Amino acid sequence: MSEPVLRLARPGEGPAIVDFINAHFDMRLPLINRPELYDFYFAGQAGGAPHFAVAEQAGRYLSAAGYIPAARGPGADAWVSIWVAAKGHNGVGLQLMDALPGLLGARVLACNNIRANTCVLYEFLGWTARRLPHYYRLGRPGPSGWALAMPGDAAETAPLPVGGDLALEPVADETALAALGLPETPHTPRKDLWYLTQRYFRFPYFRYDLWAVREGGRLLAYLVTRTVTAAETGCVPVLRLVDFLGPDAVLPRLGAALDALLRQTGAEYLDCYNAGIPAEIWRAAGLRERLPGDGVIIPNYLTPPLRDNTEYYYFTNRPENFVLFKADGDQDRPNLG
């Protein structure tokens, strides 16, 4: 029998690939079965190919992978979102994953929220697979104490001292974003204005706040937050830092601005999942790292709240300068059935 053909999907092939994934994945995924999410993540440009790759043999799919580009156009870096193989064809699925950067022409391929027990598969390919670090800054407890967070050691409840000379300037809409352009950043995956517009101004569910950081009129960075309101949690607001584009050195200079935003929103805490930016940079910006077993609980699931920690894992084929945040890939979305 001939070797499987590894290729990108063709225009019009999306429904057949969705049927294959539904038949072989261990759950029915809202990402491909809710039209608004499928259109947002995978449909691609009108008349173009959907964002899938397949392994095919004798006209039959053996494996499929869905991806999310970080920029528009050929050769864009990408996040893997869905990966599935037919029973007995896990090896072909691994071949497809290994081939995906070349099929896309992407330098950087990554995935946010893999299963911990699959890390070994990506390490087999020579890639990096790790736990995603989690950082936080506490606000103030209410009259009855902490509603969501459990700070652990009382010595760690006092906020870290912060300073900084830079402000967060709101970017009102995609027109304002286009006028500002992109900051310089060493980080990968490379994101463009199309991606930022699509992800933060056109997402079908959440409202994001995109902030520009400037010095002397020059754009230094973008920072993105999302406020989960008290009405949504049923108790207190939470502030989430979900993306940042710019040099690491900008973050400590935003410590005071982030603390002011925390107080302004009345949030019980600010949290951030991030890989690639050192813990000492986050600490200089006022955020502590939550470590497994340290007794601190910073809930991730908030609607409704689950007073427990959530551990995420990720992979990347190129760890040099790689940075990942919670909103990357298909994460930071509602938990929909």
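Higher on the page you've got the structure.
The written sequence of each chain sets the order in which its residues are numbered from 1. A pLDDT threshold of at least 70 governs which residues receive local features in this predicted model, and a stricter bar of 80 or more applies before side-chain atom pairs are shown or counted, although totals over entire chains, interfaces and linings include all residues. Side-chain metrics rest on all non-hydrogen atoms present in the structure, leaving aside hydrogens and water.

**A few points about the overall build of the chain**
Formally: Secondary structure follows DSSP: runs of H or I at least 4 residues long count as helices, runs of E at least 2 residues long count as strands, and numbering of each begins at the N terminus. Radius of gyration means the value over C-alpha atoms here, while the globule rule gives 2.2 Å times the residue count to the 0.38 power. Any residue under 20% of the maximum accessible area for its type is buried, any over 50% is exposed, and the rest in between are partly exposed; the area is computed with a 1.4 Å probe on protein chains only.
Counting its regular elements, the chain contains 10 helices and 15 strands. Its C-alpha atoms give the chain a radius of gyration of 21 Å, near enough to 20 Å, the size a compact globule of 337 residues would have. Along the first, second and third principal axes, the C-alpha set of the chain runs to 70 × 45 × 35 Å. Counting all 337 residues of the chain, 53% fall into the buried class.

**Section: unusual backbone geometry**
Following Thr-188, the chain continues into Pro-189 via a peptide bond in cis, with omega recorded as 0 degrees. Within the fold, Pro-189 resides in the loop between α6 (174-180) and α7 (193-201). With an omega of 5 degrees, the peptide bond between Thr-303 and Pro-304 qualifies as cis. Position of Pro-304 relative to the elements: it lies in the loop between β13 (288-290) and β14 (313-316). A positive phi angle is found at Asn-113, which is not glycine, with a value near 80 degrees. Phi at Asp-332 takes a positive value of approximately 50 degrees, unusual for a residue other than glycine. With a relative accessible area of 2%, Asp-332 lands in the buried category.

**Describing the environment of Thr-225**
Heads up, the rule is: Whether two residues are in contact is decided by their heavy atoms, any of which lying within 4.5 Å being enough. Polar contact is the term for a pair of N or O atoms within 3.5 Å; when the atoms are in protein, one must be able to donate a hydrogen and the other to accept it, and sequence-neighboring residues count only if both atoms are side-chain atoms.
Within the secondary structure layout, Thr-225 lies in strand β10 (residues 218-228). On the basis of relative accessibility, which here comes to 1%, the residue Thr-225 falls in the buried class. C-alpha of Thr-225 to C-alpha of Asp-209: the two residues are 16 residues apart in sequence and 5.2 Å apart in space. Beyond its immediate stretch of four places on either side in the chain, Thr-225 contacts Tyr-208, Asp-209, Trp-211, Leu-239, Arg-240, Leu-241 and Leu-261. A polar atom in the side chain of Thr-225 sits 3.0 Å from the side chain of Trp-211.

**Considering the packing of aromatic side chains**
A ring pair, where both rings are aromatic, is described by two values, the distance of the centres and the angle of the planes. Rules: Only the six-membered ring of Trp is used, alongside the rings of Phe and Tyr, when aromatic pairs are assigned; centres must lie within 6.5 Å, and planes under 30 degrees apart are stacked while those over 60 apart are edge-to-face, with the rest tilted.
Taken as a whole, this structure holds 20 aromatic pairs when the rule is applied. Taking 6.4 Å as the distance between ring centres and 75 degrees as the angle between the ring planes, the aromatic pair formed by Phe-206 and Tyr-208 counts as edge-to-face. With a centroid separation of 5.8 Å and 20 degrees between ring planes, the pair formed by Tyr-314 and Phe-322 is classed as stacked. Neither Tyr-314 nor Phe-322 differs from the other in exposure class; each is buried. Here the aromatic cluster, defined as three or more aromatic residues joined through ring pairs, consists of Tyr-38, Phe-40, Tyr-41, Phe-42, Phe-52, Tyr-200, Phe-203, Tyr-205, Phe-206 and Tyr-208.

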